[in-house]
Amino acid sequence: MRPILIQEHERLNVGQDSRFDNLHLVRWDKPMDYEPWGYYASYVIGAEWIDENEALVVTTKRGMEEIDFLAMFMTCFSSNLSADAFSQIYTIDSDAPVIYAPSLKGIISPLIVLHFLAVVSRIKSLKKGYVHYSGNLKKVKGRINVIRNERTNMAIKRFDRVFCEYDEYTVDIPENKLIKKALLFCKQILRTVIEHHKDGSKVKRMLLKSLLMFERVSEDVQVREVTQIKAHKLFNEYSEAVRLAKLILRRYDFSISKTSTEDDNILPFTLDMSLLYEHYVYGLLHDAYGDKILYQVKGRTGYPDFLYKSHNFKAILDTKYIPKYDESYLLDNYVVRQLSGYSRDLPILQKLGYNEIDEESPLPDVPCIIIYPKERDEITNSFSENKLQDLCRTPVRRLMRFYKICIPLPVVAVTYKCVSTALKHHSTLLCKCRFII
(Lines give C-alpha, C1' and ligand atoms only; values in the text may rest on other atoms or scores of the structure.)
Protein backbone atom coordinates (compact mmCIF):
# COMPACT_ATOMS: atom_id res chain seq x y z
CA MET A 1 0.00 0.00 0.00
CA ARG A 2 1.31 3.45 -0.95
CA PRO A 3 1.68 5.90 1.97
CA ILE A 4 -0.22 9.13 2.52
CA LEU A 5 1.82 11.93 0.93
CA ILE A 6 1.78 15.62 1.96
CA GLN A 7 4.22 18.54 1.98
CA GLU A 8 5.47 20.72 4.82
CA HIS A 9 2.71 22.88 6.39
CA GLU A 10 -0.07 21.01 4.61
CA ARG A 11 -3.05 19.63 6.49
CA LEU A 12 -4.05 15.98 6.42
CA ASN A 13 -7.49 15.44 5.00
CA VAL A 14 -8.67 13.45 8.02
CA GLY A 15 -10.63 14.16 11.16
CA GLN A 16 -9.26 13.73 14.67
CA ASP A 17 -7.86 10.22 14.93
CA SER A 18 -5.87 8.78 17.82
CA ARG A 19 -3.56 7.00 15.35
CA PHE A 20 -2.03 10.37 14.43
CA ASP A 21 -1.68 11.78 17.93
CA ASN A 22 1.80 10.36 18.65
CA LEU A 23 3.38 10.97 15.24
CA HIS A 24 6.43 13.22 14.87
CA LEU A 25 5.57 14.45 11.37
CA VAL A 26 2.16 16.01 12.14
CA ARG A 27 0.32 17.42 15.12
CA TRP A 28 -3.24 18.54 15.89
CA ASP A 29 -3.12 22.30 15.51
CA LYS A 30 -4.75 25.51 14.28
CA PRO A 31 -1.80 27.49 12.84
CA MET A 32 -3.82 30.61 11.89
CA ASP A 33 -7.17 32.00 13.04
CA TYR A 34 -8.65 31.57 9.58
CA GLU A 35 -7.48 27.94 9.24
CA PRO A 36 -9.45 24.94 10.55
CA TRP A 37 -8.24 22.57 13.24
CA GLY A 38 -6.47 19.53 11.86
CA TYR A 39 -3.29 17.49 11.66
CA TYR A 40 -0.66 19.80 10.18
CA ALA A 41 2.89 19.09 9.07
CA SER A 42 5.40 21.65 10.31
CA TYR A 43 9.09 21.96 9.42
CA VAL A 44 9.84 18.24 9.70
CA ILE A 45 10.07 15.99 6.65
CA GLY A 46 10.40 12.22 6.56
CA ALA A 47 8.49 8.96 6.60
CA GLU A 48 6.69 7.40 9.56
CA TRP A 49 4.36 4.49 10.21
CA ILE A 50 0.84 5.47 11.32
CA ASP A 51 -0.01 1.90 12.25
CA GLU A 52 1.00 -1.56 11.06
CA ASN A 53 -0.63 -1.07 7.67
CA GLU A 54 -0.40 2.62 6.77
CA ALA A 55 2.45 5.14 6.57
CA LEU A 56 2.81 8.91 6.22
CA VAL A 57 5.40 10.71 4.06
CA VAL A 58 6.09 14.46 4.36
CA THR A 59 8.24 16.13 1.68
CA THR A 60 9.73 19.62 1.41
CA LYS A 61 7.40 22.57 0.87
CA ARG A 62 6.55 23.98 -2.55
CA GLY A 63 9.39 26.08 -3.89
CA MET A 64 11.94 23.95 -2.04
CA GLU A 65 11.86 20.79 -4.15
CA GLU A 66 15.36 21.15 -5.63
CA ILE A 67 17.39 21.39 -2.40
CA ASP A 68 20.89 19.93 -2.64
CA PHE A 69 20.93 18.16 0.71
CA LEU A 70 24.44 16.84 0.27
CA ALA A 71 25.83 20.38 -0.11
CA MET A 72 23.92 21.46 3.00
CA PHE A 73 25.26 18.53 5.04
CA MET A 74 28.83 19.31 3.97
CA THR A 75 28.47 22.94 5.05
CA CYS A 76 26.98 21.95 8.40
CA PHE A 77 30.05 19.91 9.27
CA SER A 78 32.44 22.82 8.60
CA SER A 79 31.49 24.52 11.89
CA ASN A 80 33.11 23.92 15.27
CA LEU A 81 30.09 22.11 16.70
CA SER A 82 30.67 18.58 17.86
CA ALA A 83 29.73 16.23 15.05
CA ASP A 84 27.29 14.32 17.23
CA ALA A 85 25.28 17.55 17.67
CA PHE A 86 24.09 16.91 14.14
CA SER A 87 22.25 13.84 15.38
CA GLN A 88 19.68 16.16 16.98
CA ILE A 89 18.51 17.13 13.50
CA TYR A 90 17.28 13.70 12.49
CA THR A 91 16.03 10.39 13.84
CA ILE A 92 16.02 6.97 12.18
CA ASP A 93 14.01 3.95 13.21
CA SER A 94 16.28 1.17 12.00
CA ASP A 95 14.12 -1.53 13.61
CA ALA A 96 10.90 -0.63 11.78
CA PRO A 97 9.89 -1.96 8.34
CA VAL A 98 10.85 0.17 5.34
CA ILE A 99 8.40 2.60 3.73
CA TYR A 100 7.86 3.19 0.02
CA ALA A 101 9.02 6.80 -0.46
CA PRO A 102 10.97 7.41 -3.71
CA SER A 103 10.77 11.19 -3.22
CA LEU A 104 12.83 10.93 0.00
CA LYS A 105 15.38 8.23 -0.67
CA GLY A 106 17.94 10.78 -1.85
CA ILE A 107 18.12 12.31 1.62
CA ILE A 108 18.68 9.77 4.33
CA SER A 109 21.65 7.80 2.97
CA PRO A 110 23.97 10.76 2.26
CA LEU A 111 22.94 12.24 5.60
CA ILE A 112 24.05 9.16 7.55
CA VAL A 113 27.22 8.66 5.49
CA LEU A 114 28.42 12.27 5.70
CA HIS A 115 27.57 12.43 9.39
CA PHE A 116 29.67 9.31 9.88
CA LEU A 117 32.60 10.70 7.88
CA ALA A 118 32.48 13.98 9.82
CA VAL A 119 32.62 12.12 13.13
CA VAL A 120 35.46 9.82 12.03
CA SER A 121 37.47 12.75 10.64
CA ARG A 122 37.55 14.26 14.14
CA ILE A 123 39.14 11.19 15.71
CA LYS A 124 42.66 12.34 16.60
CA SER A 125 44.27 8.97 17.22
CA LEU A 126 43.15 5.36 17.08
CA LYS A 127 42.05 3.67 20.23
CA LYS A 128 44.01 0.58 21.25
CA GLY A 129 43.09 -2.46 23.27
CA TYR A 130 44.09 -6.01 24.08
CA VAL A 131 43.03 -8.58 21.51
CA HIS A 132 43.23 -12.30 22.18
CA TYR A 133 45.04 -14.37 19.55
CA SER A 134 45.88 -18.05 19.15
CA GLY A 135 48.14 -19.74 16.65
CA ASN A 136 50.74 -22.35 15.82
CA LEU A 137 53.99 -20.45 16.27
CA LYS A 138 57.70 -21.15 15.91
CA LYS A 139 58.41 -19.55 19.29
CA VAL A 140 56.47 -19.58 22.51
CA LYS A 141 54.38 -16.47 22.95
CA GLY A 142 52.00 -15.95 25.83
CA ARG A 143 51.00 -19.37 27.17
CA ILE A 144 51.01 -22.80 25.58
CA ASN A 145 47.62 -24.37 24.99
CA VAL A 146 48.63 -27.87 26.08
CA ILE A 147 45.63 -29.75 24.70
CA ARG A 148 45.67 -28.00 21.30
CA ASN A 149 49.44 -28.38 21.09
CA GLU A 150 49.20 -32.13 21.79
CA ARG A 151 46.62 -32.58 19.02
CA THR A 152 48.16 -30.22 16.50
CA ASN A 153 51.88 -30.84 16.96
CA MET A 154 52.89 -33.58 19.39
CA ALA A 155 50.59 -36.22 17.91
CA ILE A 156 52.28 -35.90 14.51
CA LYS A 157 55.74 -35.25 15.97
CA ARG A 158 55.91 -31.70 14.68
CA PHE A 159 58.28 -30.34 17.32
CA ASP A 160 59.19 -27.11 15.48
CA ARG A 161 55.79 -25.55 16.32
CA VAL A 162 54.02 -24.60 19.53
CA PHE A 163 50.33 -23.79 19.74
CA CYS A 164 50.08 -20.65 21.87
CA GLU A 165 47.47 -18.20 23.11
CA TYR A 166 48.41 -14.61 23.81
CA ASP A 167 47.06 -11.05 24.13
CA GLU A 168 48.37 -8.19 22.03
CA TYR A 169 47.91 -4.44 22.54
CA THR A 170 46.86 -3.25 19.09
CA VAL A 171 44.67 -0.90 17.07
CA ASP A 172 43.04 -3.92 15.43
CA ILE A 173 40.18 -3.97 17.94
CA PRO A 174 36.52 -4.65 17.08
CA GLU A 175 35.52 -0.96 17.28
CA ASN A 176 38.18 0.03 14.75
CA LYS A 177 37.34 -2.93 12.52
CA LEU A 178 33.70 -1.89 12.50
CA ILE A 179 34.56 1.71 11.59
CA LYS A 180 36.98 0.52 8.88
CA LYS A 181 34.34 -1.72 7.33
CA ALA A 182 31.79 1.12 7.35
CA LEU A 183 34.37 3.42 5.69
CA LEU A 184 34.75 0.91 2.86
CA PHE A 185 30.98 0.88 2.46
CA CYS A 186 31.03 4.69 2.32
CA LYS A 187 33.64 4.57 -0.43
CA GLN A 188 31.33 2.40 -2.50
CA ILE A 189 28.20 4.38 -1.67
CA LEU A 190 29.74 7.77 -2.50
CA ARG A 191 31.47 6.70 -5.69
CA THR A 192 29.18 8.68 -8.00
CA VAL A 193 29.07 11.74 -5.74
CA ILE A 194 32.87 11.93 -5.57
CA GLU A 195 33.07 11.94 -9.35
CA HIS A 196 30.26 14.34 -10.24
CA HIS A 197 29.04 16.49 -7.33
CA LYS A 198 30.52 19.97 -6.80
CA ASP A 199 31.49 18.96 -3.25
CA GLY A 200 32.87 15.61 -4.39
CA SER A 201 36.49 16.62 -3.85
CA LYS A 202 35.77 17.57 -0.22
CA VAL A 203 34.03 14.25 0.38
CA LYS A 204 36.92 12.39 -1.24
CA ARG A 205 39.47 14.12 1.00
CA MET A 206 37.49 13.29 4.13
CA LEU A 207 37.18 9.66 3.07
CA LEU A 208 40.83 9.20 2.09
CA LYS A 209 42.05 10.86 5.28
CA SER A 210 39.95 8.51 7.39
CA LEU A 211 40.94 5.40 5.44
CA LEU A 212 44.60 6.37 5.82
CA MET A 213 44.20 6.60 9.59
CA PHE A 214 42.67 3.10 9.67
CA GLU A 215 45.08 1.50 7.17
CA ARG A 216 46.58 -0.82 9.83
CA VAL A 217 43.11 -2.03 10.82
CA SER A 218 41.43 -4.98 9.15
CA GLU A 219 37.76 -4.95 8.14
CA ASP A 220 37.20 -8.58 9.15
CA VAL A 221 34.43 -8.08 11.68
CA GLN A 222 31.59 -10.48 12.39
CA VAL A 223 27.96 -9.53 12.91
CA ARG A 224 28.02 -10.94 16.44
CA GLU A 225 31.00 -8.70 17.27
CA VAL A 226 29.09 -5.66 16.05
CA THR A 227 26.22 -6.30 18.43
CA GLN A 228 28.64 -6.72 21.32
CA ILE A 229 30.43 -3.38 20.88
CA LYS A 230 29.47 -0.90 23.59
CA ALA A 231 29.63 2.88 23.68
CA HIS A 232 32.57 4.48 25.47
CA LYS A 233 31.80 7.53 27.59
CA LEU A 234 35.42 8.68 27.56
CA PHE A 235 35.68 8.53 23.76
CA ASN A 236 32.80 10.56 22.42
CA GLU A 237 33.85 10.36 18.78
CA TYR A 238 34.09 6.59 19.02
CA SER A 239 30.66 6.25 20.57
CA GLU A 240 29.03 8.22 17.78
CA ALA A 241 31.17 6.66 15.05
CA VAL A 242 30.30 3.14 16.23
CA ARG A 243 26.59 4.01 16.39
CA LEU A 244 26.62 5.37 12.83
CA ALA A 245 28.77 2.53 11.51
CA LYS A 246 26.24 0.03 12.84
CA LEU A 247 23.48 1.99 11.14
CA ILE A 248 25.29 2.01 7.79
CA LEU A 249 26.14 -1.70 7.88
CA ARG A 250 22.64 -2.61 8.96
CA ARG A 251 21.15 -0.40 6.25
CA TYR A 252 22.99 -2.42 3.59
CA ASP A 253 22.77 -5.75 5.36
CA PHE A 254 26.59 -6.02 5.59
CA SER A 255 26.80 -6.46 1.81
CA ILE A 256 28.69 -3.96 -0.34
CA SER A 257 26.89 -5.35 -3.38
CA LYS A 258 23.68 -3.83 -2.00
CA THR A 259 25.01 -0.26 -1.79
CA SER A 260 23.84 0.45 -5.33
CA THR A 261 20.27 -0.63 -4.76
CA GLU A 262 17.54 1.10 -6.73
CA ASP A 263 14.90 0.15 -4.20
CA ASP A 264 12.42 2.96 -3.51
CA ASN A 265 11.91 1.81 0.07
CA ILE A 266 13.56 3.74 2.90
CA LEU A 267 13.91 3.39 6.65
CA PRO A 268 11.44 5.51 8.62
CA PHE A 269 13.11 8.80 9.54
CA THR A 270 12.45 12.43 10.44
CA LEU A 271 14.54 15.45 9.47
CA ASP A 272 14.03 18.85 11.10
CA MET A 273 14.44 21.30 8.20
CA SER A 274 14.42 24.35 10.48
CA LEU A 275 17.30 22.97 12.56
CA LEU A 276 19.13 21.80 9.43
CA TYR A 277 18.94 25.33 8.01
CA GLU A 278 20.23 26.72 11.32
CA HIS A 279 23.26 24.40 11.22
CA TYR A 280 23.80 25.24 7.54
CA VAL A 281 23.87 28.97 8.25
CA TYR A 282 26.19 28.39 11.20
CA GLY A 283 28.62 26.59 8.92
CA LEU A 284 28.64 29.61 6.58
CA LEU A 285 29.01 32.09 9.45
CA HIS A 286 31.80 30.10 11.06
CA ASP A 287 33.71 29.88 7.78
CA ALA A 288 33.42 33.64 7.30
CA TYR A 289 33.77 35.11 10.78
CA GLY A 290 35.27 32.40 12.99
CA ASP A 291 35.30 33.24 16.69
CA LYS A 292 33.25 36.40 16.16
CA ILE A 293 30.19 34.15 16.00
CA LEU A 294 28.75 32.77 19.25
CA TYR A 295 26.22 29.96 18.96
CA GLN A 296 23.19 29.39 21.21
CA VAL A 297 24.21 31.66 24.10
CA LYS A 298 21.91 31.18 27.09
CA GLY A 299 19.92 34.28 28.05
CA ARG A 300 17.09 35.22 30.37
CA THR A 301 14.59 35.09 27.49
CA GLY A 302 15.95 32.13 25.55
CA TYR A 303 18.74 31.09 23.20
CA PRO A 304 19.34 33.31 20.16
CA ASP A 305 20.79 31.28 17.31
CA PHE A 306 23.86 33.49 16.91
CA LEU A 307 25.58 36.52 18.37
CA TYR A 308 28.06 38.52 16.32
CA LYS A 309 30.72 40.23 18.40
CA SER A 310 33.49 42.38 16.97
CA HIS A 311 35.14 45.63 18.02
CA ASN A 312 33.09 47.77 15.64
CA PHE A 313 29.81 45.86 15.28
CA LYS A 314 27.58 43.72 17.46
CA ALA A 315 24.35 42.01 16.45
CA ILE A 316 21.78 39.34 17.34
CA LEU A 317 20.98 36.91 14.53
CA ASP A 318 18.22 34.31 14.30
CA THR A 319 17.46 31.89 11.47
CA LYS A 320 13.87 31.40 10.38
CA TYR A 321 13.09 28.69 7.86
CA ILE A 322 10.35 30.86 6.38
CA PRO A 323 10.76 31.48 2.62
CA LYS A 324 7.82 33.91 2.52
CA TYR A 325 10.05 36.56 4.10
CA ASP A 326 11.67 36.97 0.69
CA GLU A 327 8.48 38.56 -0.64
CA SER A 328 7.07 40.19 2.48
CA TYR A 329 8.40 43.31 4.18
CA LEU A 330 6.72 42.26 7.41
CA LEU A 331 7.77 39.76 10.05
CA ASP A 332 5.49 37.60 12.14
CA ASN A 333 4.77 39.29 15.46
CA TYR A 334 6.14 36.38 17.49
CA VAL A 335 9.48 36.74 15.68
CA VAL A 336 9.65 40.45 16.46
CA ARG A 337 8.81 39.84 20.10
CA GLN A 338 11.39 37.07 20.34
CA LEU A 339 14.30 39.13 19.02
CA SER A 340 13.19 42.24 20.91
CA GLY A 341 13.43 40.20 24.08
CA TYR A 342 16.94 39.08 23.18
CA SER A 343 18.03 42.69 22.59
CA ARG A 344 17.01 43.58 26.18
CA ASP A 345 18.35 40.42 27.80
CA LEU A 346 21.19 41.30 30.20
CA PRO A 347 23.09 37.95 29.99
CA ILE A 348 22.99 38.17 26.18
CA LEU A 349 24.08 41.81 26.11
CA GLN A 350 26.89 41.08 28.55
CA LYS A 351 28.05 38.24 26.31
CA LEU A 352 28.16 40.77 23.48
CA GLY A 353 30.58 42.88 25.53
CA TYR A 354 28.29 45.30 27.36
CA ASN A 355 29.72 44.35 30.74
CA GLU A 356 28.91 47.54 32.67
CA ILE A 357 25.16 47.69 32.05
CA ASP A 358 22.37 46.79 34.46
CA GLU A 359 18.57 46.97 34.57
CA GLU A 360 18.58 50.80 34.71
CA SER A 361 21.17 51.44 31.99
CA PRO A 362 20.31 53.00 28.62
CA LEU A 363 19.45 50.35 26.05
CA PRO A 364 22.43 49.51 23.77
CA ASP A 365 21.92 49.90 20.04
CA VAL A 366 22.02 46.26 18.95
CA PRO A 367 20.70 45.32 15.48
CA CYS A 368 18.38 42.30 15.22
CA ILE A 369 18.88 40.28 12.05
CA ILE A 370 16.55 37.66 10.61
CA ILE A 371 18.15 35.12 8.26
CA TYR A 372 15.71 33.37 5.92
CA PRO A 373 15.99 30.96 2.94
CA LYS A 374 15.00 30.53 -0.66
CA GLU A 375 16.29 28.30 -3.43
CA ARG A 376 18.99 29.67 -5.71
CA ASP A 377 21.57 28.26 -8.15
CA GLU A 378 25.32 28.88 -7.90
CA ILE A 379 25.45 29.51 -4.18
CA THR A 380 28.37 31.38 -2.67
CA ASN A 381 28.94 32.28 0.96
CA SER A 382 27.64 35.85 1.16
CA PHE A 383 29.16 36.22 4.61
CA SER A 384 32.70 35.45 3.44
CA GLU A 385 32.50 38.16 0.78
CA ASN A 386 31.11 40.93 3.00
CA LYS A 387 31.25 42.42 6.44
CA LEU A 388 28.09 41.54 8.35
CA GLN A 389 27.10 45.20 8.75
CA ASP A 390 27.31 45.65 4.98
CA LEU A 391 24.74 42.89 4.49
CA CYS A 392 22.15 44.78 6.57
CA ARG A 393 20.67 46.40 3.47
CA THR A 394 17.05 45.31 3.92
CA PRO A 395 15.42 47.00 6.92
CA VAL A 396 12.08 45.74 8.16
CA ARG A 397 9.40 48.38 7.71
CA ARG A 398 8.16 50.15 10.86
CA LEU A 399 10.74 48.49 13.10
CA MET A 400 13.93 50.11 14.36
CA ARG A 401 17.20 48.29 13.72
CA PHE A 402 15.55 45.13 12.36
CA TYR A 403 17.05 43.69 9.18
CA LYS A 404 16.54 40.69 6.89
CA ILE A 405 19.30 38.75 5.16
CA CYS A 406 18.48 36.06 2.60
CA ILE A 407 20.84 33.09 2.74
CA PRO A 408 19.67 30.79 -0.07
CA LEU A 409 19.54 27.02 0.05
CA PRO A 410 21.79 25.25 -2.46
CA VAL A 411 20.04 23.45 -5.29
CA VAL A 412 21.18 20.51 -7.40
CA ALA A 413 23.30 21.72 -10.32
CA VAL A 414 22.05 21.10 -13.86
CA THR A 415 25.21 19.18 -14.80
CA TYR A 416 24.76 16.86 -11.85
CA LYS A 417 21.15 16.23 -12.82
CA CYS A 418 22.23 15.25 -16.34
CA VAL A 419 24.95 12.92 -15.05
CA SER A 420 22.48 11.29 -12.72
CA THR A 421 19.99 10.70 -15.51
CA ALA A 422 22.69 9.04 -17.59
CA LEU A 423 23.57 6.82 -14.63
CA LYS A 424 20.00 5.73 -14.13
CA HIS A 425 20.81 2.05 -14.34
CA HIS A 426 24.15 2.19 -12.55
CA SER A 427 25.06 2.44 -8.86
CA THR A 428 23.56 5.49 -7.15
CA LEU A 429 20.99 7.74 -8.78
CA LEU A 430 19.07 10.96 -8.43
CA CYS A 431 15.35 10.91 -7.71
CA LYS A 432 13.46 14.05 -8.68
CA CYS A 433 16.82 15.74 -9.26
CA ARG A 434 18.16 14.81 -5.83
CA PHE A 435 21.14 12.67 -4.92
CA ILE A 436 20.00 9.12 -4.21
CA ILE A 437 21.65 6.11 -2.65
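Look up: the structure comes first, before these words.
About the cut-offs
Residues numbered from 1 in each chain as written. Predicted model: local features only at pLDDT ≥ 70, side-chain atom pairs only at ≥ 80, totals over all residues. Heavy atoms only, no water. 1 Å grid on protein atoms, 1.4 Å probe; cavity = no way out; pocket = protein on both sides within 12 Å on 5 of 7 lines; lining within 4 Å. Points joined across faces, edges and corners; volume = space filled by probe spheres on them. Helix = DSSP H or I, 4+ residues; strand = E, 2+ residues; numbered from the N terminus. Nonpolar A, V, L, I, M, F, W, Y, C, P; charged D, E, K, R; others polar. Pairing = 2+ DSSP bridges. Axes fitted to C-alpha atoms, helices over the stretch in contact; angles between N-to-C directions. Contact = heavy atoms within 4.5 Å. Buried < 20%, exposed > 50% of the residue type's maximum accessible area, 1.4 Å probe, protein only. Lys, Arg positive; Asp, Glu negative; His and termini not counted. Salt bridge = Lys/Arg side-chain N within 4 Å of Asp/Glu carboxyl O. Polar contact = N/O pair within 3.5 Å; in protein donor to acceptor, adjacent residues only side chain to side chain. Parallel < 35°, antiparallel > 145°, perpendicular 65-115°, else oblique. Left-handed = near helix turned anticlockwise from the far one by under 90°.

Caption draft 1: View of the layout of surface pockets. Here the largest pocket is characterised by a volume of approximately 740 Å³. Along the wall of the largest pocket there are 26 residues; nearest its centre are His9, Pro31, Met32, Ala41 and Tyr43. Counting only elements with at least two residues in the lining of the largest pocket, the list comes to strand E2 (26–29) and strand E3 (38–41). The element that contributes the greatest number of residues to the lining of the largest pocket is E2, accounting for three residues. Of the residues assigned to the lining of the largest pocket, the class counts are 13 nonpolar, four polar and nine charged. The volume enclosed by the second largest pocket comes to roughly 470 Å³.

Caption draft 2: Focus on the sheet that holds strand E18 (residues 402–406). The strand order across the open sheet formed by five strands is E13-E14-E15-E16-E18, and the pairing between neighbours is mixed. Each of the sheet's edge strands pairs with one partner strand only, and the pair in question is strand E13 (293–295) and E18. Within this sheet the neighbouring strands show an average axis-to-axis angle of 25 degrees, counted without direction. Contacts between helix H10 (residues 333–342) and the sheet are confined to strand E15 (314–319), strand E16 (368–372) and E18, with E15 contributing the most and set at about 145 degrees to the helix.

Caption draft 3: Representation of helix H1 (residues 69–76) within the structure. Summarising burial for H1: eight of the eight residues are buried, a large majority. Among the residues making up H1, those that are buried are Phe69, Leu70, Ala71, Met72, Phe73, Met74, Thr75 and Cys76.

Caption draft 4: Expanded view of the side chain of Lys61. The residue Lys61 is located in the loop between strand E5 (55–59) and H1 in this model. Although Lys61 lies buried, it forms no salt bridge, and the closest oppositely charged side chain, Glu8, sits 4.9 Å away as judged by the N-O distance. Only 3.3 Å separates the side chain of Lys61 from the side chain of His9, close enough to count as a polar contact. Discounting chain neighbours no more than four positions away, the residues touching Lys61 are Gln7, Glu8, His9, Tyr43, Tyr321 and Pro323.

Caption draft 5: Structural context of the packing of helix H4 (residues 174–189) against helix H6 (residues 200–213). Two numbers describe how H4 lies on H6: the axes approach to 10 Å, and their chain directions differ by 150 degrees. Classified by the angle their axes make, H4 and H6 are roughly antiparallel. Where H4 crosses over H6, the handedness of that crossing is left-handed. Note on element contacts: H6 touches H4 through Leu207, Ser210 and Leu211, opposite Lys180, Leu183, Leu184, Cys186 and Lys187. When grouped by side-chain class, the residues that make up the contact of H4 with H6 number five nonpolar, one polar and two charged.

Caption draft 6: Summary view of empty space enclosed by the protein. Following the criterion strictly, the structure yields three cavities of 30 Å³ or more and no others. In this structure, the largest cavity occupies an estimated 60 Å³ of space. Along its surface, the largest cavity is lined by 10 residues, and Cys76, Ser79, Leu81, Ser82 and His279 are the ones closest to its centre. Residues of the lining of the largest cavity, tallied by class, amount to six nonpolar, three polar and one charged. Volume-wise, the second largest cavity comes out at about 40 Å³. Listed by contribution, the elements that provide at least two residues to the lining of the second largest cavity are helix H2 (105–121) and helix H8 (236–251).

Nothing here speaks to function; it is geometry throughout.
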